[in-house]
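Results of the structural survey
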Amino acid sequence: MSIVEVRGLRKAYGGRPVVDDVSFEVEEGEIFGILGPNGAGKTTAVECVEGLRVPDAGVVRVAGLEPRRERERLTGILGVQLQESELQEKLSVREALELYSAFYPEPADWRGLAERLGLVEKLGTRFGRLSGGQKQRLFIALALIGNPRVVVLDELTTGLDPRARRDTWTLIEEVRDAGVTVLLVTHFMEEAQRLCDRIAVFKRGRVAALDTPAGLIRRSAGGTVISFDPSRPLDDGDLDALPDAQSVESRNGRVTLHGTDATVNAVISLLARRQITAHQLRVSDATLDDAFLELTEDREN
Amino acid sequence: MSASAAVLKAESRLFAREPFSLFWIVVFPTLLLVILGLIPSFREPSDDLGGNRVIDVYVPVSVLLALIMAGVQALPPVLSGYRERGILRRMSTTPVRPGSLLAAQIVLHFAAATGSALLVIAVGRLVFDVPLPGHPAGYLLALLLGGLSALALGATVTAVTPTTKATTVVGSIVFFPSMFLAGVWVPVQAMPGALRGVVEYLPFGAASQALNQAAGGDWPDWTHLGVTAVWAALLIAAAVRWFRWE
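Residues numbered from 1 in each chain as written. Chains lettered and ligands numbered in written order. Predicted model: local features only at pLDDT ≥ 70, side-chain atom pairs only at ≥ 80, totals over all residues. Heavy atoms only, no water.

When helices and strands are counted, chain A shows eleven helices and 13 strands. Once the C-alpha set of chain A is aligned to its principal axes, its extents read approximately 75 × 45 × 35 Å. Within chain A, the proportion of its 301 residues that are buried is 50%. Sequence-distant contacts in chain A: of pairs separated by 6 or more residues, those separated by 24 or more amount to 68%. For chain A, the exposed area adds up to about 13,900 Å²; of that, 44% sits on carbon and sulfur atoms. Distance between charge centroids for chain A: 3 Å, based on 39 positive and 48 negative side chains. (Helix = DSSP H or I, 4+ residues; strand = E, 2+ residues; numbered from the N terminus. Buried < 20%, exposed > 50% of the residue type's maximum accessible area, 1.4 Å probe, protein only. Contact = heavy atoms within 4.5 Å. Areas by Shrake-Rupley, 256 points an atom, 1.4 Å probe, with all protein chains shown as cover. Lys, Arg positive; Asp, Glu negative; His and termini not counted. Charge placed at Lys NZ, Arg CZ, Asp CG, Glu CD.)

Shown next as structure tokens:
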């Protein structure tokens with residue numbers, strides 16, 4: 001059953017469409033990723049879900065609620081971490097957690113959250129004195145403090161060091177396992193690949209693709225990457241004639257090809273035919289990174 | 001604890017952590033009164049002031065100064081900062097309306113200004129023998145309306161300025177004429193007739209006259225109270241009309 005429903009969403013600023021006919025549905029209990037380059041309309045789209053912006057057209061429903069008109073009920077079930085916001089400079093971490101707990105009828109235990117997010121030692125520190133990563137962790141705690149059914153996290157791990165990032169991922173998986181639906185805006189491929197059950201790739205205000213991470217990688221044509229150092233240069237004509245080869249690149253003598261299993265076989269027989277030795281031959285699956293770049297590249301240019 | 005009570009509690013803690021704000025609102029008006037009171041001639045009855053001493057006249061003026069400090073000088077940058085730094089926006093994603101944060105700040109500034117006014121009156125009475133307000137109810141009403149106009153003026157400044165920086169600048173620009181109207185430089189009662197005729201119809205000029213009359217023991221003229229009330233209403237309407245949440 002879908003808990004977040006977005007259909008035909010449009011939002012323009014000064015005549016320029018930022019979100020242009022976007023539709024997606026988030027199933028209850030999944031981690032749904034929104035991925036895209038800067039300015040692709042990701043944040044605007046989730047702000048319409050949060051009820052912070054009024055859509056120009058389209059339908060948005062969160063657990064059947066209309067975010068603008070049924071604000072009161074929406075805010076009770078939707079936890080939010082905004083991309084850019086602050087708290088009162090002189091409010092301590094403990095005071096912030098206590099304050100936000102008081103906003104909800106059945107809040108989560110803020111001490112537990114502080115512990116899981118590594119904020120216990122910072123409880124007495126004022127917001128203004130926290131590092132970027134500590135602020136970020138506090139905002140994650142505040143997004144979860146109301147025991148929400150759905151949580152929207154916009155740039156979840158920006159500003160976190162690698163260890164804190166991994167801890168946060170584990171926390172988000174635990175949150176999902178507890179039945180909370182997560183809508184995650186990100187531009188970290190590793191994060192999306194690791195966490196998301198499904199991903200909508202945004203490009204210029206539109207959904208360019210919507211699939212599981214594995215599905216997105218499979219879909220992109222150059223799903224297999226072959227690279228090697230040939231013992232002597234290969235003929236360009238030979239390389240271009242390889243079946244299913246999406247891209248061929250030679251740099252510092254190393255050849256990198258994107259293709260399929262058929263390309264791999266063809267490369268190997270080509271090398272044998274020409275009696276060329278391939279040093280450091282590597283065959284690997286394309287990553288979400290590759291799929292993302294391919295989905296969001298501008299073909300017009 | 002209800003959500004609004006929690007907001008008020010948190011904001012009062014934060015308010016108490018602003019020593020400069022507290023100094024200007026709570027300490028400065030009394031300090032000004034004490035400094036003026038140290039000048040011997042200000043403690044002598046003056047014919048220009050209808051037999052009152054300068055120090056007598058400056059008690060209501062300092063009370064009004066406390067209200068202006070709180071409303072026009074201290075409040076606007078706080079509200080504007082909450083808006084600019086996304087604090088209101090963050091709050092609007094919770095079940096609590098961000099308006100409660102603004103309301104808490106307005107209440108706290110008003111409370112601090114009232115405390116400051118009491119301090120001025122107490123110090124005036126104890127140190128300089130200035131009689132307590134002769135008509136307490138009239139005094140209280142004038143104080144309430146004056147405070148309301150000051151807070152509404154500050155809120156309007158926040159409403160029409162986009163950034164905290166702009167708010168601070170416009171706040172200061174509005175602050176100095178407000179002090180003049182209240183009679184900080186020349187008490188309204190000592191202003192030349194033509195000037196007084198104009199000042200009496202401006203926000204703090206009318207409040208100053210009303211406070212002065214109530215201090216003297218009379219119920220303030222309805223004109224003065226009415227003018228102050230109308231200004232308060234206009235400014236509240238302007239603030240509500242033009243305020244932007246982000």
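That was the structure; now back to the text.
On to the packing of helix H3 (residues 54-84) of chain B against helix H6 (residues 136-160) of chain B, then. Residues and elements named next belong to chain B. Orientation of H3 relative to H6, taken along the N-to-C sense of each, is 30 degrees, at an axis distance of 8 Å. In terms of their interaxial angle, H3 and H6 are classed as roughly parallel. H3 and H6 meet at a crossing whose hand is right-handed. Of the residues in H6, those in contact with Val59, Pro60, Val63, Leu67, Ile68, Gly71, Val72, Leu75, Pro76, Leu79, Ser80 and Arg83 of H3 are Tyr139, Leu143, Gly146, Gly147, Ala150, Leu151, Leu153, Gly154, Val157, Thr158 and Ala159. Of the residues that constitute the contact of H3 with H6, the class distribution is 16 nonpolar, six polar and one charged. (Axes fitted to C-alpha atoms, helices over the stretch in contact; angles between N-to-C directions. Parallel < 35°, antiparallel > 145°, perpendicular 65-115°, else oblique. Left-handed = near helix turned anticlockwise from the far one by under 90°. Nonpolar A, V, L, I, M, F, W, Y, C, P; charged D, E, K, R; others polar.)

Time to look at the sheet that holds strand E4 (residues 57-62) of chain A. Residues and elements named next belong to chain A. Across the sheet, three strands lie side by side as E2-E1-E4; this open sheet has antiparallel pairing. Each having just a single partner strand, strand E2 (16-27) and E4 make up the two edges of the open sheet. Taken pair by pair, the neighbouring strands of this sheet meet at an average axis angle of 15 degrees, ignoring direction. Where strand E1 (residues 2-13) meets E4, five bridges bridge the pair, whose relative direction is antiparallel. Paired with Val6 across the strands is Val60, a residue of E4. (Pairing = 2+ DSSP bridges.)

Moving on to unusual backbone geometry. Here the phi dihedral of Asn252 of chain A falls at roughly 50 degrees; this positive angle occurs in a residue that is not glycine. Relative to the assigned elements, Asn252 of chain A resides in the loop between strand E11 (247-251) and strand E12 (254-259). Notably, Asp129 of chain B is not glycine yet its phi reads approximately 65 degrees, a positive angle. Counting through the fold element by element, Asp129 of chain B comes out in the loop between helix H5 (99-128) and H6.

For the rest of this paragraph, the subject is the domain arrangement of chain A. Each assigned domain of chain A is listed here: domain 1 (2-217) and domain 2 (221-285). Taking only C-alpha atoms into account, the centre of domain 1 of chain A sits 42 Å from that of domain 2 of chain A. (Domains from an automatic or database assignment.)

Turning next to the environment of Phe127 of chain A. Residue and element names in this part refer to chain A. You can see Phe127 is positioned in the loop between helix H4 (110-116) and helix H5 (132-144). Between the alpha carbons of Phe127 and Ala102 there is a distance of 18 Å; along the sequence they are 25 residues apart. In contact with Phe127, not counting residues within four places along its chain, are Glu86, Leu87, Gln88, Glu89, Leu91, Ser92, Lys135, Leu138 and Phe139.

Quick look at the nonpolar core now. Counting residues in each nonpolar core, the largest one holds 71 residues, and the members touching the most others are Leu97, Phe103 and Leu138 of chain A. If one sorts the elements of this core by residue count, H5 of chain A sits on top with seven residues. Listed in part, the 51 residues of the second largest apolar core include Ile55, Phe128, Leu143 and Val199 of chain B. (Core = buried A, V, L, I, M, F, W, Y, C linked by side-chain atoms within 4.5 Å.)

What follows concerns the interface of chain B and chain A. With 26 residues of chain B at the interface, the matching set in chain A holds 28 residues. Buried surface at the junction of chain B and chain A, both sides included, amounts to about 2,400 Å², of which 53% is carbon and sulfur. Applying the counting criterion to the chain B and chain A interface returns six salt bridges. The residue Glu95 of chain A makes a salt bridge to Arg13 of chain B at a minimum N-O spacing of 3.3 Å. (Buried area = accessible area lost by both parts, 1.4 Å probe. Salt bridge = Lys/Arg side-chain N within 4 Å of Asp/Glu carboxyl O.)

As a further point, take the side chain of Ser92 of chain B. Residue placement: Ser92 of chain B occurs in the loop between helix H4 (87-91) and H5. Aside from chain neighbours lying at most four places away, what touches Ser92 of chain B is Leu52, Arg71 and Thr75 of chain A together with Arg97 and Pro98 of chain B.

This paragraph deals with the pattern of salt bridges. All names here are of chain A. Taken as a whole and assessed by the stated rule, the structure comprises 25 salt bridges over all chains. With its nearest N and O atoms 3.4 Å apart, the salt bridge here joins Glu28 to Arg149. Taken together, the positions of Glu28 in the loop between E2 and strand E3 (31-35) and Arg149 in the loop between H5 and strand E6 (150-154) put the pair 121 residues apart, joining distant regions of the chain. Between Glu174 and Arg116 there is a salt bridge; the shortest N-O distance is 2.8 Å. Separated by 58 residues along the polypeptide, Glu174 in helix H6 (residues 162-177) and Arg116 in helix H4 bring together distant segments of the chain. The class of Arg116 is partly exposed, set by a relative accessible area of 46%.

A few words now on helix H3 (residues 93-101) of chain A. By the criterion of burial, H3 of chain A is predominantly enclosed, with seven of the nine residues buried. Looking only at H3 of chain A, the buried set comprises Val93, Glu95, Ala96, Leu97, Leu99, Tyr100 and Ser101 of chain A. Structurally, H3 of chain A contributes buried residues whose contacts are with H4 and H5 of chain A together with helix H1 (3-16) and H4 of chain B.

On to the sheet that holds strand E13 (residues 278-285) of chain A, then. Residue and element names in this part refer to chain A. Strand order in the open sheet made by the four strands is E11-E12-E10-E13, with antiparallel pairing throughout. Every interior strand has two partners, whereas the edge strands, E11 and E13, have only one. For this sheet, the mean inter-axis angle between neighbouring strands, taken without regard to orientation, is 15 degrees. Bridge analysis of strand E10 (residues 224-230) against E12 gives five bridges, and the strand direction is antiparallel. Pairing of Thr224 across the sheet is with Gly259, part of E12. Taken strand by strand, helix H10 (residues 261-274) contacts E10, E12 and E13, and its axis lies near 15 degrees from that of E10.

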